[in-house]
Amino acid sequence: MTDTVSTTAPVYTVPQERRIVTAVPGPRSQELHQRRQAVVPVGVSSALPVYIARANGAILVDVDGNQFVDFGAGIGVTTIGHTESTVVAAAADQLQDVIHTLFTITPYEEYVRVAELLAEHTPGDHAKKTVLVNSGAEAVENGVKIARKHTGRRAVAVLDHAYHGRTNLTMAMNYKAMPYASGFGPLAGDVYHAPGSYPYRDGLSGEEAAARTIGYLEKVVGASDLACLVVEPIQGEGGFMVPADGFLPALQEWCTANGVVFIADEIQSGMARTGRFYASEHFGLVPDLVLSAKGIAGGLPLAAVTGRAEIMDSAQPGGLGGTFGGNPVAAAAAIAVFEQLEKNDLVAEGARIERALKPALLELQKKYDVIGDVRGIGAMIAIELVQPGTGETTKVPNPEAVAAIIAHAAQNGVLLLNAGTWGNVLRFLPSLAVSDELIADAVSVIDDALASL
Ligand SMILES: *Cc1c(COP(=O)(O)O)cnc(C)c1O
């Protein structure tokens, strides 16, 4: 090791390598899948129906003994790595002490500590307060509730290609009707979908894209009725679009000038995924409210709304909360995640992963004309696939190529996820524990998959 700072080297309980010993899915997974089909509805689907028995670091082990390099991390949840040892220890200790009281009946220190850590690590040095909830969608719902109470206004704006969840309000906030909202209406009203910034497809500068978004908000919604604008600084399910320079700051400035609460949905992009604690930092944003979830507790369910104290305090006593919100075990795990991120400088790992992955994908783009775009920041990198030869002209989406690459990779022990409005984006969302060697290994598998298209 050539480390200049002393760090605690992670000890892995599963060898960090891919290893395929049966067909994928193997016989035991197939058996479990049969059982599942009798009792789990088809609405709950699984991207890769291999049933997982163990997980550690960047590796998933299925019930047949196959090992997969995990480039999904449960959709960006196990950012710290699977079963990270300090998270496991903190949660185990907490299980012995107290599992549940309900913070709104009798509180406990862990909740307060997580709120302090979020105040410290979210962008901006203003006074901040935090409410803890169970899921990302619940954080979005609470952010909107608080913004409405604070402003006394009704309308909520989101951007095209957004994803915010599967509850009643959030399914109205998503861009894609299918599969998230189709047939599940009536949807919540007063949700407006403004155009965003998608440099690969719209070719607009940040200034031009912001003018288009603001024009929509002013004409279609009306600033005086708009409670909040909810944006993902780097869109997740939409396909990891990094907005053009200046786009997000212009939106924030407009929100501030018009009394609109600017909410950053950092549920996927936050918690050190992009080489900063929050992706907002890459764009110089100081959101009024920041939503955290996925990566916050090493895999335990926890989510948060953190924001300006005066906005957060606009909700009346009893107006926020929920039975399981800020559960002590999940909160203890989150404290361990923050400690690991700080102590071992894991925030820098996002940049390391980008350095290992992005140039390799740009090389693949030179070889294969189905790769239209390579984009993303840190451990949030994607390639957008288009029909061969259309990349310079029409950019016709190629979801079939993405599906073929994912299938090939799965057979060879690499778990990849798709994304994007047309399902034509291949996203890399590994844990920060993934090594450069595993990245290079996975890229070689993808190279083979592209060659065999
Ligand atoms: C996953 C996600 C959500 C919803 O989170 P859940 O915990 O699944 O409810 C909201 N916003 C973004 C950006 C997400 O990636």
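Residues numbered from 1 in each chain as written. Predicted model: local features only at pLDDT ≥ 70, side-chain atom pairs only at ≥ 80, totals over all residues. Heavy atoms only, no water.

**Student:** Give a detailed account of the environment of phenylalanine 428, specifying residues and quantitative values.
**Tutor:** Looking at where phenylalanine 428 falls in the secondary structure, it is placed in strand β15 (residues 425-428). Along the sequence, phenylalanine 428 and alanine 403 sit 25 residues apart, while their C-alpha atoms lie 14 Å from each other. Sequence-distant contacts of phenylalanine 428, defined by excluding residues within four places in its chain, comprise Phe71, Phe240, Leu357, Leu361, Ala379, Met380, Ile381, Ala382, Ile383, Leu416 and Ile446. (Helix = DSSP H or I, 4+ residues; strand = E, 2+ residues; numbered from the N terminus. Contact = heavy atoms within 4.5 Å.)

**Student:** Go over the environment of isoleucine 406, please, and point to the residues and values.
**Tutor:** Tracing the sequence through the fold places isoleucine 406 in helix α13 (residues 399-411). Taking the C-alpha atoms as reference points, isoleucine 406 and leucine 426, 20 residues apart in sequence, are found 8.1 Å from one another. Ignoring sequence-local partners within four residues, the contact set of isoleucine 406 consists of Leu416, Leu417, Asn418 and Leu426.

**Student:** Outline the nonpolar core, supporting the account with residue identities and numerical values.
**Tutor:** Counting residues in hydrophobic clusters, the biggest one holds 90 residues, and the most contacted among them are Leu341, Leu416 and Phe428. Formed jointly, this core draws a minimum of three residues from each of two domains, domain 1 (27-83 + 349-451) and domain 2 (98-343). Residue contacts for leucine 416: discarding those within four places in its chain leaves Phe71, Ile405, Ile406, Ala409, Leu426, Arg427, Phe428 and Ile446. Counting 32 residues, the second largest nonpolar core, distinct from the first, contains Ala157, Leu217, Leu251 and Phe262. (Core = buried A, V, L, I, M, F, W, Y, C linked by side-chain atoms within 4.5 Å. Buried < 20%, exposed > 50% of the residue type's maximum accessible area, 1.4 Å probe, protein only. Domains from an automatic or database assignment.)

**Student:** Tell me about the domain arrangement of the protein, and name the residues and values.
**Tutor:** In terms of domain boundaries, the protein breaks down into domain 1 (27-83 + 349-451) and domain 2 (98-343). The centre of domain 1, based on its C-alpha atoms, is set 26 Å off from the matching centre of domain 2. On the domain 2 side, the residues contacting the 37 residues of domain 1 number 30 residues. Counting each side, the surface lost to burial between domain 1 and domain 2 is near 2600 Å², with a carbon and sulfur contribution of 60%. In this structure, the connection of domain 1 to domain 2 is made through two salt bridges. We note a salt bridge from glutamate 237 to arginine 427, for which the minimum N-O separation is 2.8 Å. Where domain 1 touches domain 2, the interface holds 14 residue pairs in polar contact (both at pLDDT 80 or more). Looking at the side of domain 1 that touches domain 2, the elements with two or more residues in it are α2 (73-76), α12 (349-367), β11 (371-377), β12 (380-385) and β15. Of the residues forming the side of domain 1 that touches domain 2, the biggest block, five residues, is contributed by β11. (Buried area = accessible area lost by both parts, 1.4 Å probe. Salt bridge = Lys/Arg side-chain N within 4 Å of Asp/Glu carboxyl O. Polar contact = N/O pair within 3.5 Å; in protein donor to acceptor, adjacent residues only side chain to side chain.)

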